[in-house]
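Geometric and topological summary
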Amino acid sequence: MELEAKYPTEKLKCWGKAKNIRMKFYQDYAEAHDKGGLRWAGGAWTFDAIPAGLGDDVYPITSEPYGATIAFDKELSLECMEAAEVKGYPRDLCSYMRNYWGSIITDKFAFGYKDKEFVPRFQGAKPLGFPKPDFIWQDHICCSHAKWYQVVSDLEDGIPMFTVDNAVGPAHKLTDSKIKYVVEQLKDGIKFLEKVTGRDYDDELLFKAIKNHFISTSKWAETCELNKAIPAPLDEKSIYSLYVLGTLQKAGKQVADFYEKDLLPEIQDRIKRGIAAVPNERVRVMSDTQPPWSFLSIFRYLEKFGCVSIGSLYTFGLIGQWEVKNDGTWGAKTIPYVEFSSRDQALYEYVKYELHKPEWQHFYSCHLKSDMMIRIAREWKLNGVMLHYNRGCEGLTIGIAENRLALLDAGFPVMTFEGNNADEREFDEARTKTKINAFMETLGVK
Amino acid sequence: MIEQFKQWEKNRHDYAKQWKGKTGGKVMGYFCTYVPEEILYAAGVLPVRILGSHEPQDVTEPHIFAMFCPFCRDCLAQGLKNRYKYIDGIMIAQSCLHIRQAYTSWIKHIPVEFEKFLCMPHKVQSPHAYEFLIEEYRVFKKEVEEWTGKKITDKDLDNAIKVYNENRRLMRKLYDLRKSDNPSITGEEVMEVVMAMQMTDKAEHNKELKKLLTKLEKHKSDREVGSRLIILGSEDDDTVFMKMVESSGATFVIDDHCTGSRYFWNEVEQGKDLLAAIAARYIDRIPCPTKDWEERKRIPHILNLCKEWNVDGAIIMQQKFCDPHELDFVAIKKALNDTGIPTLFLEFDVTVPIGQFKIRVEAFLEMIGEEDLF
């Protein structure tokens, strides 16, 4: 059932650049020691501007995107999952985490060299051993965050580890005391970094990294905001390949520049020219939580019905920072144009800004998340919602059943499908497609 | 000997209703042992821990995705079934994500006068956690005062601390009795006492506890002790399981879970600033795994319990899908095995398959007793 195209479409021009940034990120991490640099590991939400103050040759690997990368490589993922299970870790734990641990246990990195070119393992590269980080720099809001790296440290015979507790309550109840608690931890963290690396800390590099962070998170939100347009210039499957840069290194200049100077202008241009992501767009939906990474084809399946998934609170707010504008709508958070004069002041501004992250709010109340989802459903003009009851991530699935009830109460049809972001053994593609068929019928497209 | 405690535990709702009738005070339902009960008690509020009923249920299906622990769903079910209609307030202190959902669903679907998500810090190993928590307590104290219309004085707080500390000391005394070669009380009986402790007025519990301790000092148990076990892991109030194990040739002499020793192990150390003293108690207490990082401080504590209570084996239980405990048990199992303590891992649900568990427990006990046999 291929529907007739209503709108023109074209490939993203910045696609290749996005892919290169991602590949270089992993290559830099793998090769850091060859160049005398440092490697560190931490979550996608960690305050990554902090280690940036150690020098320009300090390269991270962020846990969740790396876990997703393994998930995309089904063969390696299965090997990793089974290796973690053999060590005694239950299979209902975070599936990113189990992929990540498995990569350490099997000593197989998801990347390697093929004809001297750095490529993913599934493209035929001979996998490298897992490059051990020099230190761990993590944050903690989900029960699994700090514990994830406790186990990493166990598996790697001890790696110096510092974790920042950022679970200080919802953004609308922020106080000076809450911000300071996080700031003081960051200051302790800087001392820890100096001690374990033997390097002097450079505040100027920190200031630059925080500014990059502001740009990355705000410009990404601005890009997502543009998807309010009909037709939507971006579809969610493409969004996954773009938002990931923010999860890799949101305080990195290459990411901030890409979002501000490449992606945003291109999407603005697409809107001006009426370029659609899905040329036969007839209905619009959003999803929630991470997708089942080895089955992204379900998003292409939606297109057969003329259905575009415009994104989700997950893709918009995992990295993107938002605020309510004067007209009452949701838009990109204004970048704080402040000059940094001291470490304390810069850290305070950084924390105050970051604690507004939309995807941190539901850790305190699923109802805050419901409100944001309903807002997206209304402002992005959606016909329905597809909720991924994700067995692989308790942190983002918390409260999802209440989100469903709230969306239904607000008048939006909801389809749920059970799966797992990174453990393909827990996703039933045929059953999900059958549910999509029925859901599309209820939305009036079949 | 423990009839009164059992009665309180089995008739928890009647107890709370009668308490309300008698005192005219308010009752606060709470979900996690990180709730600073002393502040509530000082305001004349009865804190009552919400626990499940171990009955199969389906009322929570629309509210909590089934991959979250059965305990949080069982707790919410009690609210949805209107069993806690008498509570005036509901609160949680930030702990695991699972039980948090029971709280968030509760406040929406079973509204009460007062609700509170208390932002208990996760990084209890940070020196900055104290100051942060004290400020959270200051705000909470004010909110409780506004809710109850009662000013909480230092005298009130001091009295609450004294009552709670006495309760903790008496419980430690009870637990110490279990160090004996022939403990005068079983693990199942102790579980009834600890559970009753979480749903009654501590002053009343203290009186009954003193009577129990006097009786136990003279009491000589004639039951076979068998293997001396520790039970540790997630929330556990499954008395049926305890009874089954203890009728299979074993005695639980110690535990480490939040419905057991972790609830009362540490006292508030009196200081000038009473809120600071309470905050220090909750930060320095034996941690829940959600807060036990970067260093795993619970492991040396568990090993010490095993040593002091002369433990032969450990049953590691966890609520199904309980991520925080799942993230610790591999390290705990290794630490126990390294010190020569055999372990049995069991996954609990709202109801446990007693028959199947009995076979596994018997095999485990047989393995522990092997050295004596040959």
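Per chain, the residues get numbers from 1 upward, laid out in the order the sequence is written. Working convention: letters from A go to chains and numbers from 1 go to ligands, in the order in which they are written. It should be noted that, the model being predicted, local features are given only for residues of pLDDT at least 70 and side-chain atom pairs only at 80 or more, the latter also being counted only at that level, while totals for whole chains, interfaces and linings use all residues. Based on all heavy atoms of the structure, the side-chain values leave hydrogens and waters out of the count.

On to the overall build of chain B. Along chain B, the regular secondary structure elements total 16 helices and eight strands. Based on C-alpha atoms, the radius of gyration is set beside the globule rule, defined as 2.2 Å times the residue count to the power 0.38. Against the 2.2 N^0.38 benchmark of 21 Å for 374 residues, chain B shows a C-alpha radius of gyration of 20 Å, consistent with a compact globule. Taken over the C-alpha atoms alone, chain B extends approximately 70 × 50 × 40 Å along its principal axes. In this scheme, a residue with accessible area under 20% of its type's maximum is buried, one over 50% is exposed, and one in between is partly exposed, where area comes from a 1.4 Å probe on protein chains only. Taking all 374 residues of chain B together, 64% fall into the buried category. Only heavy atoms matter for contacts: two residues are in contact if any of them lie within 4.5 Å across the pair. Across chain B, contacts joining residues at least 24 apart in sequence account for 75% of those joining residues at least 6 apart. Each accessible area is a Shrake-Rupley result for a 1.4 Å probe, and residues are judged covered by the shown protein chains and nothing else. Only carbon and sulfur atoms are counted for the fraction: they give 50% of the accessible area of chain B, which is about 13900 Å². Numbering of helices and strands starts at the N terminus; helices are DSSP runs of H or I of at least 4 residues and strands are runs of E of at least 2.

This next bit is on the pattern of salt bridges. All names here are of chain A. Should a side-chain nitrogen of Lys or Arg be within 4 Å of a carboxyl oxygen of Asp or Glu, the pair is scored as a salt bridge. Enumeration according to the criterion identifies 67 salt bridges over all chains in this entry. For Lys250, the salt bridge goes to Asp48, with nearest N and O atoms at 3.6 Å. Here Lys250, found in the loop between helix 9 (236-249) and helix 10 (253-273), pairs with Asp48, found in the loop between strand 1 (38-42) and helix 2 (49-52); they are 202 residues apart in sequence, far enough to count as distant. Of the two residues examined, Lys250 and Asp48, each falls in the buried class.

Our focus in this paragraph is the packing of helix 8 (residues 187-197) of chain B against helix 9 (residues 202-218) of chain B. Residues and elements named next belong to chain B. Two elements in contact, helix 8 and helix 9, have axes separated by 10 Å at closest approach and are oriented at 160°. Regarding the angle of helix 8 to helix 9, the classification is roughly antiparallel. Listed contacts from helix 9 to Val193, Ala196 and Met197 of helix 8 are Lys202, His205, Leu209 and Leu212. Think of it as three bins: nonpolar holds Ala, Val, Leu, Ile, Met, Phe, Trp, Tyr, Cys and Pro, charged holds Asp, Glu, Lys and Arg, and polar takes everything else, Gly as well. Per-class residue counts for the contact of helix 8 with helix 9 are five nonpolar, one polar and one charged. Axes, fitted as lines to C-alpha atoms, cover a helix only where it is in contact. Angles between the N-to-C directions of the axes lie from 0 to 180 degrees. In this scheme, roughly parallel covers angles under 35 degrees and roughly antiparallel covers those over 145, while 65 to 115 is roughly perpendicular and the rest are oblique.

The next point concerns the interface of chain A and chain B. The interface is formed by 52 residues belonging to chain A together with 47 residues belonging to chain B. Put simply, buried area is the surface a 1.4 Å probe can reach on two separate parts but cannot reach once they are joined, added for both. Between chain A and chain B, a total of about 3900 Å² is buried, with carbon and sulfur atoms accounting for 61% of that surface. Across the contact surface, chain A and chain B share three salt bridges. When contributions to the side of chain A that touches chain B are tallied by element, the ones reaching two or more residues are helix 5 (95-105), helix 6 (144-155), strand 7 (161-165), helix 7 (176-197), helix 15 (366-379), strand 12 (384-390), helix 16 (394-397) and helix 17 (400-409) of chain A. Taken together, the residues of the side of chain A that touches chain B break down into 26 nonpolar, 14 polar and 12 charged.

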